[in-house]
Amino acid sequence: MAPQALDDAPVADETTRPVEPAGGRGRRRRPNLAAALSVVPGGGQLYNGEPGKAAFFLLGTLASMGPAILLITSGERLGTSLLNAHRFTLFLLFAFASIVVFLALFLLGLTLWASAVVDARRSAQERNAGAPPGEGGRWWLLRL
């Protein structure tokens, strides 16, 4: 086999260069680690280099689950005082309303939390494939 002449050498240009993962540092992300870090909502997004999304998931989860837990704990005191005052109708209305609000807020928080896990995993996969941040769309369970 004859040595290849310089003129026949392949030219490296924009189309033949391997695509680096987005994020500036060129490091590969581990999708399973990103999902595992989302045990703390937004942890996987921080690992993927997306601090805005991380703040959204953390604050959204806390803003929905926090009041839900406070509602149930403080509602117990109010419900007991209504029962002691023999205001049964008001107690039943308050109990029903607080349960509905608690379930709505708590389920919203759980949905945001699960969405953070799914988003972190898919974002890591997309970045490893070379897609720039935000190109692949949202992978949240809750489509906002």
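Just so it is clear, the structure is predicted and the values come from calculations on it, not from any experiment.

## So, the overall build of the chain
Helix and strand content of the chain: four helices and zero strands. The helix and strand sequence of the chain, counted from the amino end, reads α-α-α-α. Scored against the burial criterion, the 144 residues of the chain give a buried share of 27%. Partitioning the contacts of the chain with sequence separation of at least 6, the portion at a separation of at least 24 is 64%. Accessible surface for the chain amounts to roughly 9,600 Å². Of this, 68% is attributable to carbon and sulfur atoms.

## A word on the packing of aromatic side chains
This structure, assessed with the given rule, holds two aromatic pairs. Plain terms: the ring middles of Phe56 and Phe57 are 5.4 Å apart, the flat faces sit at 65° to each other, and that makes the pair edge-to-face. What makes Phe56 partly exposed here is its relative accessible area of 32%. By relative accessible area, which is 0% here, Phe57 ends up buried.

## Structural notes on the confidence of the model for the chain
Looking at the chain, pLDDT values average 80 and 73% of them are 70 or higher. Taken element by element, the predicted model of the chain shows its lowest mean pLDDT in helix H3 (residues 51-84) (90) and its highest in helix H2 (residues 43-47) (94). Note that pLDDT drops below 50 for residues 11-25; the model gives that stretch 17 contacts with residues more than four away or on any other chain.

## A short note on unusual backbone geometry
We note that His86 has phi near 60°; this positive angle belongs to a residue other than glycine. If you trace the backbone, His86 turns up in the loop between H3 and helix H4 (88-128). Owing to a relative accessible area of 59%, His86 belongs among the exposed residues under this scheme.

## Considering H4
In a regular helix each residue adds 1.5 Å, so 41 residues correspond to 60 Å; H4 covers 60 Å between its end C-alpha atoms and thus fits that length. In this structure, the buried residues of H4 make contact with helix H1 (31-37), H2 and H3. Phi for Gly130, located one or two positions after H4, is positive at around 100°.

## Remarks on H3
With 34 residues, H3 extends 49 Å from end C-alpha to end C-alpha; this agrees with the ideal 50 Å at 1.5 Å per step. The complete set of buried residues in H3 reads Ala54, Phe57, Gly60, Thr61, Ser64, Met65, Ala68, Gly75, Gly79 and Leu82. Buried residues belonging to H3 abut H2 and H4. Looking one or two residues beyond H3, the residue adopting positive phi is His86, at roughly 60°.

## Some words on the environment of Ala95
Assignment of secondary structure puts Ala95 in helix H4. Residue classification places Ala95 among the partly exposed positions, given a relative accessible area of 22%.

## So, the pattern of salt bridges
Summed over all chains, the structure comprises three salt bridges. The partner of Lys53 in a salt bridge is Glu50, with the nearest N and O atoms 3.6 Å apart. Three or more residues are tied together by salt bridges with common partners; here these are Glu50, Lys53, Asp119 and Arg127.

Criteria and cut-off values
- As a convention, each chain's residues are numbered from 1 in the sequence order in which they are written.
- Reporting in this predicted model follows two pLDDT cut-offs: at least 70 for local features of residues, and 80 or more for side-chain atom pairs to be given and counted; totals over whole chains, interfaces and linings ignore these cut-offs and use all residues.
- Each side-chain value is derived from all of the structure's non-hydrogen atoms; neither hydrogens nor water enter the calculation.
- Under the DSSP-based scheme used, a helix requires at least four consecutive residues in state H or I and a strand at least two consecutive residues in state E, with every element numbered from the N terminus.
- With a 1.4 Å probe rolled over the protein chains alone, any residue whose accessible area is under 20% of its type maximum counts as buried; one over 50% counts as exposed, and the rest are partly exposed.
- Any two residues whose heavy atoms approach within 4.5 Å are treated as being in contact.
- What sets the accessible areas is the Shrake-Rupley method with a 1.4 Å probe; for residues, cover comes only from the shown protein chains.
- Aromatic rings from Phe, Tyr and Trp, with only the six-membered ring used for Trp, were paired whenever their centres fell within 6.5 Å, and each pair was classed as stacked if the ring planes differed by under 30 degrees, edge-to-face if by over 60, and tilted otherwise.
- Known as pLDDT, the predictor's per-residue confidence is scaled from 0 to 100.
- One less than the number of residues in a helix, times 1.5 Å, gives the span that helix is expected to have.
- Throughout this description, the term salt bridge denotes a Lys or Arg side-chain nitrogen within 4 Å of a carboxyl oxygen of Asp or Glu.

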